[in-house]
Amino acid sequence: NPCGEQPLPPYGACLLGSFNLVKYVDVDTKTFDYEQYQSDIRTVVRAMDNVIDKTTYPLPEQEVEAKAKRRMGLGVTGLANAGEMLGCPYASPKFMDFTESVLINLRNISYDTSADLAKEKGAFPLFDRGKYLEGKFIQTLPSETQDKIAEHGIRNSHLTSIAPTGTISLTA
């Protein structure tokens, strides 16, 4: 904290990562490699969960907050570029369908992976099964993921954040 991309509680730690969508476009066939994208999401959720444990926090309160919720913010960058490379003009119906597909995959795979991690390593310490499962957002997840969360909990309280990626895009 402070984080310009995601509102955080006092002593909250900012752990963001963006998938560069351009890297998943095959320019010759104008296709998006969803299989690789989904695999990378699973890998990055696991890696970022490990970052929470391996980080040296400047203040003890930051470590307590980070480990109590295990929040991260996975997002995307290069969405407009990837869409145009696929032949989807920005804001066209085809582009909007592509955007929805990319973001649904990010949401579903992230939460499913975190539920798998909860089975392996335990849910985040502040997890309240009843309250969590009543949330409107959680009810948008596939039923299989909701079932996993009901049985094992979820490892990370927050998983996605579509941050303004100005600085990240310059690096990418």
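Scroll up to find the structure this text is about.
A quick note: this is a predicted structure, and the numbers were derived from the prediction, not measured.

> Help me understand a negative patch on the surface, please; the structure alone is not making it clear to me.
A cluster of like negative charges, contributed by Asp26, Asp28, Asp33 and Glu35, occupies part of the molecular surface. In this structure, Asp33 sits in the loop between strand S3 (31-32) and helix H1 (34-54).

> Is there a simple way to think about the packing of aromatic side chains in this case?
The geometry of an aromatic ring pair is captured by two quantities: the separation of the ring centres and the angle between the planes. If you walk through the whole model with that rule in mind, you get eleven aromatic pairs. Their ring planes at 75° and their centres at 5.3 Å tell us that Phe32 and Phe98 sit as a pair that is edge-to-face. Taken together, the positions of Phe32 in strand S3 and Phe98 in helix H4 (residues 93-121) put the pair 66 residues apart, joining distant regions of the chain. The same class applies to Phe32 and to Phe98, which are both buried. A ring pair is formed by Phe124 and Tyr132, whose centres lie 6.2 Å apart and whose planes are at 65°; its orientation type is edge-to-face. Each member of the pair, Phe124 as well as Tyr132, carries the same accessibility label: buried.

> I would appreciate a short explanation of the pairing of strand S4 (residues 73-77) in the present structure.
Regular strands show a simple pattern: their side chains alternate between the two faces of the sheet. With five of five residues buried, S4 is to be regarded as a mostly interior element. Neither face of S4 is left uncovered, since the one carrying Gly73, Gly75 and Thr77 and the one carrying Leu74 and Val76 both have all their residues buried. When strand S1 (residues 16-20) meets S4, the two strands line up parallel, connected through five bridges. In the sheet register, Leu16 faces S4, and the bridge partner there is Gly73.

> Would you mind showing me how to read unusual backbone geometry here?
Excluding glycine, a negative phi dihedral is what most residues carry, and trans is how most peptide bonds are arranged. The phi torsion at Tyr11 lies on the positive side, around 65°, for a residue other than glycine. Locating Tyr11 in the fold gives a position in the segment before S1. In this structure, Ala91 is a non-glycine residue whose phi angle is positive, near 70°. One can find Ala91 in the loop between helix H3 (79-85) and H4.

> What is the right way to read the packing of H4 against helix H6 (residues 143-152) from this model?
What describes two packed helices is the angle between their axes and the distance between those same axes. With their axes 9 Å apart at the nearest point, H4 and H6 run at an angle of 25° to one another. Judged on the interaxial angle alone, H6 and H4 are roughly parallel. Seen from above, H4 lies across H6 with left-handed handedness. Facing Tyr111, Asp112, Ala115, Asp116, Ala118 and Lys119 of H4, the residues of H6 in contact are Thr145, Lys148, Ile149 and His152. Looking at the contact of H4 with H6 residue by residue, the classes come out as four nonpolar, two polar and four charged.

> How do you make sense of the pattern of salt bridges when you look at a structure like this?
It is possible for side chains bearing opposite charge to pair when their charged atoms get close. In total, this model carries twelve salt bridges according to the counting rule given. For Asp49, the salt bridge identified is with Arg155, shortest N-O distance 3.1 Å. With Asp49 in helix H1 and Arg155 in the loop between H6 and helix H7 (166-171), this residue pair connects regions lying 106 residues apart in the sequence. Grouping residues by exposure puts Asp49 and Arg155 together as buried. Close ionic contact of Asp53 with Arg70 constitutes a salt bridge, the shortest N to O distance being 3.0 Å. You can see Asp53 sitting in helix H1 and its partner Arg70 sitting in the loop between helix H2 (60-69) and S4, a full 17 residues away along the chain. Owing to a relative accessible area of 35%, Asp53 belongs among the partly exposed residues under this scheme. For Arg70, a relative accessible area of 4% translates into the label buried. One salt-bridge network, in which partners are shared between bridges, spans Asp49, Asp53, Arg70, Lys121 and Arg155.

> What am I meant to see in the nonpolar core here?
Across soluble globular proteins, nonpolar side chains have a tendency to be buried as a group. Leu21, Phe32, Tyr37, Tyr132 and Ile154 are the most contacted members of the largest nonpolar core, which has 35 residues in total. Those elements that place two or more of their residues in this core are H1, S4 and H4. Ranked by residues supplied to this core, first place goes to H4 with eight residues. When neighbours within four sequence positions are excluded, Leu21 is seen to be in contact with Phe32, Tyr37, Val76, Thr77, Gly78, Leu79, Ala82 and Val102.

What counts, and where the lines are drawn
Residues numbered from 1 in each chain as written. Predicted model: local features only at pLDDT ≥ 70, side-chain atom pairs only at ≥ 80, totals over all residues. Heavy atoms only, no water. Patch = residues over 30% accessible without salt bridge, like charges linked within 9 Å, V, L, I, M, F, W, Y side chains within 5 Å. Areas by Shrake-Rupley, 256 points an atom, 1.4 Å probe, with all protein chains shown as cover. Salt bridge = Lys/Arg side-chain N within 4 Å of Asp/Glu carboxyl O. Lys, Arg positive; Asp, Glu negative; His and termini not counted. Charge placed at Lys NZ, Arg CZ, Asp CG, Glu CD. Helix = DSSP H or I, 4+ residues; strand = E, 2+ residues; numbered from the N terminus. Phe/Tyr/Trp six-rings, centres within 6.5 Å; stacked < 30°, edge-to-face > 60°. Buried < 20%, exposed > 50% of the residue type's maximum accessible area, 1.4 Å probe, protein only. Pairing = 2+ DSSP bridges. Axes fitted to C-alpha atoms, helices over the stretch in contact; angles between N-to-C directions. Parallel < 35°, antiparallel > 145°, perpendicular 65-115°, else oblique. Left-handed = near helix turned anticlockwise from the far one by under 90°. Contact = heavy atoms within 4.5 Å. Nonpolar A, V, L, I, M, F, W, Y, C, P; charged D, E, K, R; others polar. Core = buried A, V, L, I, M, F, W, Y, C linked by side-chain atoms within 4.5 Å.

So, to be careful, I would describe these as geometric facts and stop short of saying anything about function.
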